[in-house]
Each structure stands twice: as structure tokens, then as C-alpha cells.
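# A structural walkthrough
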Amino acid sequence: GAVVSQHPSRVICKSGTSVKIECRSLDFQATTMFWYRQFPKQSLMLMATSNEGSKATYEQGVEKDKFLINHASLTLSTLTVTSAHPEDSSFYICSARDEGAGGYTFGSGTRLTVV
Amino acid sequence: AQSVTQLDSHVSVSEGTPVLLRCNYSSSYSPSLFWYVQHPNKGLQLLLKYTSAATLVKGINGFEAEFKKSETSFHLTKPSAHMSDAAEYFCVVSDLGNRDDKIIFGKGTRLHILP
């Protein structure tokens, strides 16, 4: 079945640095990928919709200059958290739509801790 | 280790009839459980969540789910289906903040509404 590989699974970075999270569709092409974040006991919050070859669509309240999304190919989308701060510490997860099968597959998530 | 099993990949019901989407889970801890809906080319939308309060959880659009620990189930129901309910539904178990610190998605159930 469709597999989405998300890396890294955990990352700790210093405040002020940038962190890149990758989301790859391994055996299918994904023109659309979604990026979410989640805090404990809360629901997933959609951050942005990533479209291959075009600019991402950000949800209200999400800073596009802080959370840079690049979807340069049909199998890879990246989320870069720039100038990270402790409040950016969260669980980030991506999902991709399998255009062929028509379903959605989720990555395993990235735990970001900013110290 | 956590897991989520959505027992049906596709469910078809007639408009106006009850909906039952099944979900079984396993978790080493007291999990948070969620149901999300995803319409084509849209991000996930939270239907309802269980976080160790009342076992019968009411959500949006007339959906509800009952947490049954003895059966390790969290099935989603709605008394009367509407055409607009046609979408993909995901059952999710979240152990964020616990030792495993993961979000586990079911594979999804595609709900078809017959006129």
C-alpha cells in the first residue's frame, strides 16, 4: 500500500536555528500534501496545504515566513521551521493523497523540541 | 505499542439511514481517541475526540462515538446519513506526551451515501 516516509522522527534544536522536516511518498505520486501540528490532548491542526510546483496554501494564523513549505517534486514536500523558538515545540505530521488510489496516507510524525 | 484498525475500507449506506464506522485500537496507556473527516482535496476536520472524560462523545454534524474500554472500540455513528457525509473518515489514537509519543492513524474508511 501507499507509504509516506517522514524524517526525522525526533529532533532537538537550539532556539534561533532552523529545522527541516521531510515528507516523501515512497510508491506513489502526491500532487497534494498536508502539514499538521498537534499538542498533547489536542486535535491535529492543519497548518498548510502543499501543492507540487506551486506555493503552499496556509491556514489562518500560520506564519508562512516561519513555516516554509516546499513541494518541488511529486514525491517530496519539506517543512522548514525557521528561527525556531520553544513555543514551536510540537508534533508535526504530514499526509499525502495517493492520486491513483484516491486515499490519504500519513507520515509517522516528527517530534520537534526547541531548547 | 499502539495500533488502530478501521475494519471497513468502504461503507455504503442510503441517505437517511444510520451510519456505523468501526474502529478498534490498542494502546499501552490511556489514549486520546479522535475521529476526523476528510473531504476531497481538503485537510482533516475534527469530528469528535475522547480524552478520558465521558465515554459517549458527541461531535459535529450529528456524529457521535462511544469509547468502550472492554471492547477496545471507538465506533463512529450517526442516526441518519446525509449526502454531504460522503467522505473519508479516519480513526486516530494519540499517545502524545506519553512514553511512545506517537499519533497512529487508521487506514481510513470511505463512506458512500446512496440516494
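Refer to the structure presented above.
Fair warning: this is a prediction, and the values are worked out from it, not measured in the lab. (Residues numbered from 1 in each chain as written. Chains lettered and ligands numbered in written order. Predicted model: local features only at pLDDT ≥ 70, side-chain atom pairs only at ≥ 80, totals over all residues. Heavy atoms only, no water.)

### Considerations on the sheet that holds strand β3 (residues 19-25) of chain A
Residue and element names in this part refer to chain A. With antiparallel pairing, 4 strands are arranged side by side in an open sheet as β1-β3-β8-β7. Of all the strands in the sheet, just β1 (4-7) and β7 (67-73) have a single pairing partner and so form its edges. For this sheet the average axis-to-axis angle between neighbouring strands, irrespective of direction, equals 15°. In this structure, β3 lies alongside strand β8 (residues 76-81), joined through 6 bridges in antiparallel fashion. Each residue of the ladder has a partner; that of Ile21, found in β8, is Leu79. (Pairing = 2+ DSSP bridges. Helix = DSSP H or I, 4+ residues; strand = E, 2+ residues; numbered from the N terminus. Axes fitted to C-alpha atoms, helices over the stretch in contact; angles between N-to-C directions.)

### A closer look at the state of the cysteines
Residues and elements named next belong to chain A. A complete count under the given rule lists 2 disulfides over all chains for this structure. A disulfide bridge connects Cys23 with Cys94, and the sulfur atoms are separated by 2.0 Å. On the S-S bond that ties Cys23 to Cys94, the torsion sits near 85°, and the link is right-handed. Highlighted residues: Cys23 in strand β3 and Cys94 in strand β9 (residues 90-97), separated in sequence by 71 residues. (Disulfide = S-S within 2.5 Å.)

### Focus: the layout of surface pockets
Taken as a whole, the largest pocket holds about 590 Å³ of empty space. Around the largest pocket, the lining comprises 25 residues; the ones closest to its centre are Ala2, Tyr104 and Thr105 of chain A together with Gly106 and Lys107 of chain B. Counting only elements with at least two residues in the lining of the largest pocket, the list comes to β10 (104-106) of chain A together with β10 (87-94) and β11 (103-105) of chain B. Residue classes in the lining of the largest pocket are distributed as 10 nonpolar, 10 polar and 5 charged. There is about 180 Å³ of room inside the second largest pocket. Every residue along the wall of the second largest pocket is listed here: Gly53, Ser54, Lys55, Ala56, Tyr58, Lys64, Asp65, Leu68, Ile69, Asn70, His71 and Ala72 of chain A. Of the residues in the lining of the second largest pocket, the class split is 5 nonpolar, 4 polar and 3 charged. (1 Å grid on protein atoms, 1.4 Å probe; cavity = no way out; pocket = protein on both sides within 12 Å on 5 of 7 lines; lining within 4 Å. Points joined across faces, edges and corners; volume = space filled by probe spheres on them. Nonpolar A, V, L, I, M, F, W, Y, C, P; charged D, E, K, R; others polar.)

### Observations concerning unusual backbone geometry
Residue and element names in this part refer to chain A. Omega for the bond connecting His7 with Pro8 falls within 30 degrees of zero, at -5°, which places this linkage in the cis form. By the element assignment, Pro8 lies in the loop between β1 and β2 (10-13). With a phi close to 45°, Ser83 is a non-glycine residue in the positive phi region. Of note, Ser83 is situated in the loop between β8 and β9.

### Let's talk about the pairing of strand β8 (residues 64-68) of chain B
Residues and elements named next belong to chain B. Where burial is concerned, the two faces of β8 differ: the one with Ala65 and Phe67 is buried and the one with Glu64, Glu66 and Lys68 is not. Taken together, the 3 bridges between strand β7 (residues 56-58) and β8 define a ladder with antiparallel strand orientation. Its bridge partner lying in β8, Leu56 is registered against Glu66. Hairpin connection, β7 to β8: the antiparallel pair is bridged by 5 residues, and Asn61 has positive phi, about 60°. Across 5 bridges, β8 lies against strand β9 (residues 73-78) in antiparallel orientation. Each bridged residue has a counterpart across the sheet, and for Glu64 the counterpart in β9 is Thr77. Between β8 and β9, which pair antiparallel and follow one another directly, the connecting turn spans 4 residues, one of which, Thr72, has a positive phi of 45°. (Buried < 20%, exposed > 50% of the residue type's maximum accessible area, 1.4 Å probe, protein only.)

### A word on the side chain of Ser50 of chain A
Residue and element names in this part refer to chain A. Here Ser50 shows up in strand β5 (residues 45-51). Since its relative accessible area comes to 1%, Ser50 is described here as buried. A polar contact is formed between the side chain of Ser50 and the side chain of His71, at a distance of 2.7 Å. (Polar contact = N/O pair within 3.5 Å; in protein donor to acceptor, adjacent residues only side chain to side chain.)

### A look at the interface of chain A and chain B
Contacts between the two partners involve 19 residues from chain A, matched on the other side by 26 residues from chain B. Carbon and sulfur atoms supply 55% of the area that chain A and chain B bury against each other, a total of about 1,800 Å² over both sides. Our enumeration of links across chain A and chain B arrives at 0 salt bridges. Where chain A meets chain B, there are 2 residue pairs in polar contact (both at pLDDT 80 or more). Those elements that provide at least two residues to the side of chain A that touches chain B are β4 (32-38), β9 and β10 of chain A. (Contact = heavy atoms within 4.5 Å. Buried area = accessible area lost by both parts, 1.4 Å probe. Salt bridge = Lys/Arg side-chain N within 4 Å of Asp/Glu carboxyl O.)

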